Amino acid sequence: MIVPLVKAVADTCGGKAGALGALLRAGLPVPDGFVVPFAAYLAAVRDLDLGRLAGEPEGVAAARRTIEARPVHAAVIDALGRALGEIGDPPVAVRSSAAKEDTGQASAAGQHESFLAVHGADEVAKAVRACWASLFSPRAVAYRAASGRAGHPSDDLLMAVIVQRHLDAEASGVMFTPADSGEATRIEASWGLGPSIVEGRVTPDAYLVAADGSVTRTIADKRQRLDRRGARLVVEDVPAAARNRPAVGDATATRLAALGRRIAAVLGGPQDIEWAIADGRAWVLQARPVTAALPPSAARSRVSGIPSATLTGTPGSRGTATGTARIVRGPGDFARVRPGDILVCPFTDPAWTPLLRIAAGVVTETGGVLSHAAIVAREHAIPAVLGIPDATSRLRDDTVVTVDGTNGTVTAVNA
């Protein structure tokens, strides 16, 4: 019922756990833990007629609610308690590892549930159940449909769950290793725990580590950070003196790039890697294949003669689109978005994925090129420009704008 993470393989534990297991076996720094494999999920839903539930008017939502309402079997809770005891019963991170997650064809970046700072078998069991149910969340369903993998609810919809020691990160981020050995490694970093970066809630520092080890960096104004306080996650203001200080130094960026090369060698291709620095040591939290090419990192510097009506940000997903600007500040505005609109928002967390199926382009006030939303935009082949301060007030609702995700510009048409 429980698989040590070092023994995890994709066939029984999903792509995310399988990759971490391979890295552990190769001696790379991955927090210790274990996996609740596909078999436990199948046992939990064996008596549920998911096919019948999917045929009801609310479809997969009924399947999700049914799983969420079921108590976790006592045998699963007991097994979790024993496994947690073997790693010292620390606070843990509980992360999804679905059958079709973290593949070379589709990342499913941020589409299923993950939890940090979880403590005790009962709470871990609740988080495991929430990961199971997230197979049928609106964002996961929308992502599968957009990726051409909607399928029947019982077709390849399997969920394993990773349980790992929680790391109280001083800094964290994402790194993309290059497809060619002569290209640079791209790294984004900010203070505190990783969700701030992957959910696009902060504009991170950006680093390019060239093949010769030289580092080019752009330091962002990092105003907030996420940290653990006991069993809670709290968002705090970054002290003014630290906001514009590099989250990692050049030497650390170089070490991260070297770690990325080792990971890519073990897993056999360019990797999208989530990492954290805790107690001065670099740790690998996740590694998955890069599914879509990044925009050129220096694109903005090549743009000349920018009109005064143009806003500039970070190129997030290449391409150009013209459409009606739709200001969306939260879920209450989702219903206002129409096919072909340009989504203009403070940030896009994974819950906004259904909007990326209908929007022609995306503009955000915060976030980096390696965030989940940027990854999904690239997979859906819609242009995205990230990190334009005050974009929701500088652009007007219902006006027509052109988004250039290759060069990182947004221009009001006929302005």
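You'll find the structure just up there.
Calculation criteria
Residues numbered from 1 in each chain as written. Predicted model: local features only at pLDDT ≥ 70, side-chain atom pairs only at ≥ 80, totals over all residues. Heavy atoms only, no water. Helix = DSSP H or I, 4+ residues; strand = E, 2+ residues; numbered from the N terminus. Buried < 20%, exposed > 50% of the residue type's maximum accessible area, 1.4 Å probe, protein only. Areas by Shrake-Rupley, 256 points an atom, 1.4 Å probe, with all protein chains shown as cover. 1 Å grid on protein atoms, 1.4 Å probe; cavity = no way out; pocket = protein on both sides within 12 Å on 5 of 7 lines; lining within 4 Å. Points joined across faces, edges and corners; volume = space filled by probe spheres on them. Nonpolar A, V, L, I, M, F, W, Y, C, P; charged D, E, K, R; others polar. Pairing = 2+ DSSP bridges. Axes fitted to C-alpha atoms, helices over the stretch in contact; angles between N-to-C directions. Contact = heavy atoms within 4.5 Å. Core = buried A, V, L, I, M, F, W, Y, C linked by side-chain atoms within 4.5 Å. Lys, Arg positive; Asp, Glu negative; His and termini not counted. Salt bridge = Lys/Arg side-chain N within 4 Å of Asp/Glu carboxyl O. Polar contact = N/O pair within 3.5 Å; in protein donor to acceptor, adjacent residues only side chain to side chain.

Student: Sorry, what's going on with the overall build of the chain here?
Tutor: Across its full length, the chain holds 14 helices and 21 strands. Residues classed as buried in the chain amount to 52% of the 415 residues present. For the chain, the computed accessible surface area is about 16900 Å², with 51% contributed by carbon and sulfur atoms.

Student: Hey, could you run me through the layout of surface pockets in this one?
Tutor: Taking a probe equal in size to a water molecule and rolling it over the atoms shows the remaining empty space. What the largest pocket holds in volume is close to 1100 Å³. What lines the largest pocket is a set of 43 residues, and nearest its centre among them are T203, P204, A220, T314 and G367. Mapped onto the lining of the largest pocket, the elements with two or more residues apiece are β7 (185–191), α8 (195–198), β8 (205–209), β9 (215–218), β10 (224–229) and β15 (314–317). Considering each element in turn, the lining of the largest pocket owes the most residues, four residues, to β8. The residue makeup of the lining of the largest pocket, split by class, is 18 nonpolar, 13 polar and twelve charged.

Student: Please clarify how the sheet that holds strand β16 (residues 320–327) should be interpreted in this entry.
Tutor: Hydrogen bonding along the main chain pairs the strands of a sheet, whether they run parallel or antiparallel. Taken together, eight strands build an open sheet; the order of strands is β14-β21-β20-β16-β17-β18-β19-β15 and the sheet is mixed. Each edge of the sheet is formed by a strand with only one pairing partner; in this case those strands are β14 (310–312) and β15. For this sheet the average axis-to-axis angle between neighbouring strands, irrespective of direction, equals 30°. Both β16 and strand β20 (residues 400–404) contribute to a ladder of five bridges, which runs antiparallel. When the sheet's bridge partners are listed, T320 is paired in β20 with D404. Here helix α13 (residues 372–380) sits on the sheet in contact with β15 and β19 (384–386), set at roughly 55° to β15.

Student: Hey, could you run me through the nonpolar core in this one?
Tutor: The nonpolar side chains of soluble globular proteins are, as a tendency, buried together. One finds L5, V35, I187, I263 and W275 to be the most contacted residues of the largest nonpolar core, which totals 34 residues. Secondary structure elements with two or more residues in this core: α1 (10–25), β5 (159–165), β6 (171–176), β7, β8, α10 (250–267), β12 (271–278) and β13 (281–289). For this core, the element with the highest residue contribution is α10, accounting for five residues. With near-sequence residues (within four places) excluded, L5 lies in contact with A17, L20, G21, L24, V30, P31, G33, F34, V35, I162 and Q164. The next biggest cluster of nonpolar side chains, apart from the first, holds 33 residues, and it includes V36, V72, W132 and V163.

Student: Could you clarify how one ought to interpret the side chain of R95 in this entry?
Tutor: One can find R95 in strand β3 (residues 92–98). The side chain of R95 sits in the buried core without any salt bridge; E274 is the nearest counter-charge, 5.5 Å away. Setting aside residues up to four positions removed in sequence, R95 forms contacts with K16, E113, S114, L116, C131, A160, V161, I162, Q164 and L285.

Student: What should I look at first to understand the pairing of β20 in this one?
Tutor: Taken residue by residue, a regular strand's side chains alternate between the two faces of the sheet. The sheet contact formed by β20 and strand β21 (residues 409–412) spans four bridges and is antiparallel. In the strand pairing of β21, D404 is matched with T409.

Student: Just to check I follow, could you spell out the pattern of salt bridges for this structure?
Tutor: Side chains that carry opposite charge are capable of pairing whenever their charged atoms lie near each other. Scanning the model with the defined rule gives 16 salt bridges in all. Among the salt bridges present, the one from D47 reaches R70, with a minimum N-O distance of 2.8 Å. Separated by 23 residues along the polypeptide, D47 in the loop between α2 (38–45) and α3 (50–54) and R70 in the loop between α4 (60–69) and α5 (74–86) bring together distant segments of the chain. Overall, the relative accessible area of 27% leaves R70 in the partly exposed class. One salt bridge connects R217 with D250, and the closest N-O pair in it is separated by 3.0 Å. One end of the pair, R217, is in strand β9; the other, D250, is in helix α10, and 33 residues separate them in sequence. Accessibility expressed as a relative area gives 32% for D250, which makes it partly exposed. It is possible to trace a salt-bridge network through shared partners that takes in R326, R336, D341, D397 and D398.

Student: Help me understand the side chain of S317 in this model?
Tutor: For S317, the position within the fold is in strand β15. Judged by its relative accessible area of 2%, S317 is buried. In terms of polar contacts, S317 uses its side chain to reach the backbone amide nitrogen of R378, at 3.5 Å. Setting aside chain neighbours within four positions, we find S317 in contact with P295, A377, R378, I382, P383, A384, G405 and T406.

Student: How should the sheet that holds β6 be read in this particular structure?
Tutor: Within the open sheet, the six strands sit side by side as β9-β8-β7-β6-β12-β13. Their pairing is antiparallel. Of all strands in the sheet, those bounded by a partner on one side alone are β9 and β13. The average angle at which neighbouring strand axes cross in this sheet is 20°, direction not considered. Sheet topology note: the β12/β13 ladder contains eight bridges and is antiparallel. Within β13, the position partnered with A276 by the bridge is W283. Strands in contact with α10 are β6, β7, β8, β9, β12 and β13; relative to β12, the strand with the most contacts, it is inclined by about 135°.

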